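# Close look at the chain arrangement
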Amino acid sequence: MVFRGRFKDLILPQHVHALNVAFHVPELRRTWGGCAANIAYNLRLLGDEPLVVATVGSDFDAYAAWLDRHGIRRDWIRSLEGEATAGAYITTDLDDNQITGFHPGAMDRAHEVRVEEVGEPYSLGIVSPNGKRAMVEHARALKARGVPTVIDPGQGLPILEREELAEMIEGAAIYIVNDYEWSLTLERSGLDGDAVAARAGAVIVTQGERGSLLRRGREVTEIPAVAAERIVDPTGAGDAYRAGLLHGITHGKSLEHAARLGSLLGALEVAHAGTQALRIDLPSLRARFEREFGAPL
């Protein structure tokens, strides 16, 4: 939902103790989403074959058909009778601020599909926002299997206890968050930036139009942003960034190179309404990457 105004004009600080606001949203879109499927969708555009491990509700048939049309495998997506598929209800204002209501539904039982059940080989794993138990247990299982693990807690950060968050960071190949989530990480984990960087192979903090920071130990590299041709919808840009990052790592590129591809995909994503609306022409993508960064993709 898009509110053609600014939240700050209706939310008055002196009245937040008794908040009662209504946003007129003449535009209403229903789109497919969810971090795992968003990342997988973008990876398929790049020619990869991701495996999604997730739980969904008995209302999943239309979404399943969409995934099938786009070649996204459903082998490890389990449907749970009597549950609804997780859904987010997002209102965005003209400053790209967002207010979200989220119903977890079947996601709260995501731990019922276990990473250990995935019998085929894979070289990289990402743990993105999910049910609390699933996030902790999936991260633990991937690391135990010796798989490089990207920890991407996102909107799931507030539900993690201090010890759980510290465990997920420990031994992660990459810990990736946006700048707000980075501040929240430090607050909830009780660790400072150096301590987080010492526990993970690398830390990436995305900063929207200001690019992103790649940190390994005390070494920090600035990854420039790519200017979007237009900004239609910021939702899903972070997932597109993560897909570019994963693609680069999987194909043996440096973290700097992979993060730059993430920046480019994020900029392309914000020009489209919805999180799975992007189309990619690979030759054009390669040409754009070389123009932006002066190196071949």
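Scroll up to find the structure this text is about.
Bear in mind the structure is a predicted one, so any value in this text is a computation, not a measurement.

Running from N to C, helix α9 (residues 255–269) and helix α10 (residues 282–293) point in directions that differ by 110°, and their axes come no closer than 11 Å. Classified by the angle their axes make, α9 and α10 are roughly perpendicular. The way α9 lies across α10 gives a crossing that is right-handed. For the pair α9 and α10, the contacting residues are His257, Arg260, Leu261, Leu264, Leu265 and Leu268 in the first and Leu285, Arg288, Phe289 and Phe293 in the second. The residue makeup of the contact of α9 with α10, split by class, is seven nonpolar, one polar and two charged.

Our next topic: the environment of Leu285. Structurally, Leu285 can be placed in helix α10. As a C-alpha pair, Leu285 and Pro104 span 181 residues in sequence and 35 Å in three-dimensional space. Beyond its immediate sequence surroundings of up to four residues, Leu285 is in contact with Leu46, Leu261, Leu264, Leu265, Leu268, Ile280 and Leu297.

Turning our attention to the pattern of salt bridges. Applying the stated rule across the entire model yields 24 salt bridges. When the shortest N-O distance is used, the salt bridge between Glu49 and Arg73 registers 2.9 Å. Here Arg73 lies in the loop between α3 (61–69) and β2 (77–80) and Glu49 lies in the loop between α2 (35–45) and β1 (54–57), a separation of 24 residues in the sequence. In this structure Glu49 comes out as exposed when scored by relative accessible area, which is 55%. Glu116 is the salt-bridge partner of Arg114, the closest N and O atoms lying 3.5 Å from each other. Looking at Arg114, the relative accessible area reads 30%, which means it is partly exposed. One network of salt bridges, in which partners are shared, links Glu49, Arg73, Asp75 and Glu120.

Definitions and cut-offs
- Residues take numbers from 1 onward in each chain, read along the sequence in its written order.
- Reporting of local features is limited, given that this is a predicted model, to residues whose pLDDT is at least 70; pairs of side-chain atoms are given and counted only at 80 or more, and all residues count toward the totals for whole chains, interfaces and linings.
- Side-chain metrics in this entry use all non-hydrogen atoms of the structure; hydrogen atoms and water are not considered.
- Convention adopted: a line fitted to C-alpha atoms gives each axis, helices being fitted over their contacting stretch, and angles between N-to-C directions are expressed from 0 to 180 degrees.
- By the criteria applied, helices consist of DSSP H or I runs no shorter than four residues and strands consist of E runs no shorter than two, each listed in order from the N terminus.
- Roughly parallel means an angle under 35 degrees; roughly antiparallel, over 145; roughly perpendicular, 65 to 115; everything else is oblique.
- Handedness of a crossing follows from how the near helix is turned relative to the far one, being left-handed for an anticlockwise turn of less than a right angle and right-handed for a clockwise one.
- Whether two residues are in contact is decided by their heavy atoms, any of which lying within 4.5 Å being enough.
- Under the scheme applied here, ten amino acids are nonpolar (Ala, Val, Leu, Ile, Met, Phe, Trp, Tyr, Cys and Pro), four are charged (Asp, Glu, Lys and Arg), and all others, including Gly, are polar.
- Any Lys or Arg side-chain nitrogen found within 4 Å of a carboxyl oxygen on Asp or Glu counts as a salt bridge.
- Working definition: with a 1.4 Å probe on protein chains only, accessible area under 20% of the residue-type maximum means buried, over 50% means exposed, and in between means partly exposed.

Purely spatial values, then, with no claim about function.
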